[in-house]
Amino acid sequence: MHFFCNRVFFWLITFVSLNAIGQDLLFQSYDCRDEIEIMAQLEKEKILKELAVLDSIERIQKEEEERLLAEFLKPYRVDTLSLWKDWSFVENYSFGKNRGGIPMITELNALHPYFRDKVYLLIQKCKAKGIDLAVVESYRTRAKQSEYKSMGKKYTRSGAGKSKHQYGLAIDVVPIVNGEAQWHNKYLWKRIGVIGEQLGLRWGGRWRSLYDPGHFEWTGGLSSQDLAVGKLPIIPKVKSYPCINYDLQLLSIYWENWEAEQASYAKTSQVK
Ligand SMILES: [Zn+2]
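Thresholds applied
- Residues numbered from 1 in each chain as written.
- Predicted model: local features only at pLDDT ≥ 70, side-chain atom pairs only at ≥ 80, totals over all residues.
- Helix = DSSP H or I, 4+ residues; strand = E, 2+ residues; numbered from the N terminus.
- Buried ≥ 20, exposed ≤ 12 C-beta atoms within 10 Å, placed from the backbone.
- Core = buried A, V, L, I, M, F, W, Y, C linked by C-beta atoms within 7 Å.
- Contact = placed C-beta atoms within 7 Å.
- Axes fitted to C-alpha atoms, helices over the stretch in contact; angles between N-to-C directions.
- Parallel < 35°, antiparallel > 145°, perpendicular 65-115°, else oblique.
- Left-handed = near helix turned anticlockwise from the far one by under 90°.
- Nonpolar A, V, L, I, M, F, W, Y, C, P; charged D, E, K, R; others polar.
- Pairing = 2+ DSSP bridges.

S.K.: What is the right way to read the overall build of the protein chain from this model?
M.R.: Scanning the protein chain from terminus to terminus reveals 7 helices and 7 strands. Secondary structure of the protein chain in N-to-C order comes out as α-α-β-β-α-β-α-β-β-α-β-β-α-α. Burial analysis of the protein chain (272 residues in total) assigns 24% to the buried set.

S.K.: Hey, could you run me through the nonpolar core in this one?
M.R.: One recurring pattern in soluble globular proteins: nonpolar side chains tend to sit buried together. Membership of the largest hydrophobic core comes to 33 residues, with the highest contact counts inside it found for Val119, Ile171 and Phe216. Mapped onto this core, the elements with two or more residues apiece are strand E2 (104-105), helix H3 (113-128), strand E3 (132-137), strand E4 (170-177), helix H5 (186-198) and helix H7 (244-271). Considering each element in turn, this core owes the most residues, 5 residues, to H3. Non-local contacts of Val119, meaning those with residues more than four positions away in its chain, are made with Leu108, Leu111, Ile171 and Phe216.

S.K.: What exactly am I supposed to notice about the packing of H3 against H5 here?
M.R.: At a closest axis distance of 10 Å, the pairing of H3 and H5 adopts a crossing angle of 135 degrees. Considering the angle they form, H3 stands oblique to H5. Where H3 crosses over H5, the two elements pack in a sense that is right-handed. Between H3 and H5, the contacting residues are Leu122, Lys125 and Cys126 on the first element and Ile192, Ile195 and Gly196 on the second. Class assignment of the residues belonging to the contact of H3 with H5 gives a composition of 4 nonpolar, 1 polar and 1 charged.

S.K.: Even after reading the chapter, I still don't get the pairing of E4, so can you show me in this structure?
M.R.: Each regular strand displays side chains that alternate between the two surfaces of the sheet. Where burial is concerned, most of E4 is hidden: 6 out of the 8 residues are buried. Looking at chain direction, E3 and E4 are connected through 5 bridges and run antiparallel. Residue pairing in the sheet places Leu133 in a bridge with Pro175 of E4. Note that E4 and strand E7 (residues 215-217) share 3 bridges and pair antiparallel. The residue bridging Ile171 from the neighbouring strand is Phe216, located in E7. Inspection of the sheet shows E4 paired to strand E5 (residues 180-181) by 2 bridges, in the antiparallel sense.

Here it is in structure tokens:
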């Protein structure tokens, strides 16, 4: 019995020691915290990579969306308030006539929208009949009107604030043949005048005191006095112009900007 106990004790001690040595050997250089750290690092890298992919997808998507939006907004222009700076204008003598030093605005978008569309039709209908019309002047500032007034009666009978041009309700055009303005071609003027009148426009070719065949206007029956006190013409097809009030508000801002621009032009050219 004693011997047996000794044996058991011996093996027990040996097993425990060997086990302890084995464990020591096995785990001595191994620390699971290293693994956790490595795993965490790998996980972190994986997440970062995924995020980078997501990021670039998102960036590409965002860029694509922005491109599409810009494409879509192109005709509308985002910077609405400075649109007046893009208006077309011509310098003096552009159509062979002295029309003063202040440039003439030729932009159709400078006109009252209803009248603008009529003018557009006038140009198109003339074109269909082989007549090329050039816009000589559309909207006119008070500064420009004063300049005409100072140039004499053959230019205008109206002082500042009295011309329909100053309300975006008149236009001056001229037919062009082989690049030359045809100011004295009565036959052409007559044909153009008829087309304009058919569109419901008032034609300056009918006037006796200041025969003005290049001039067309529409006021919806309002007089210059009505316009001067701020009355607005009533549009026949009002449903076709759902944003007319907004458009007119914006137009008046553009007009004021041009007014400031041309008033300062008039001042500096006077100094010279
Ligand atoms: Zn005119």
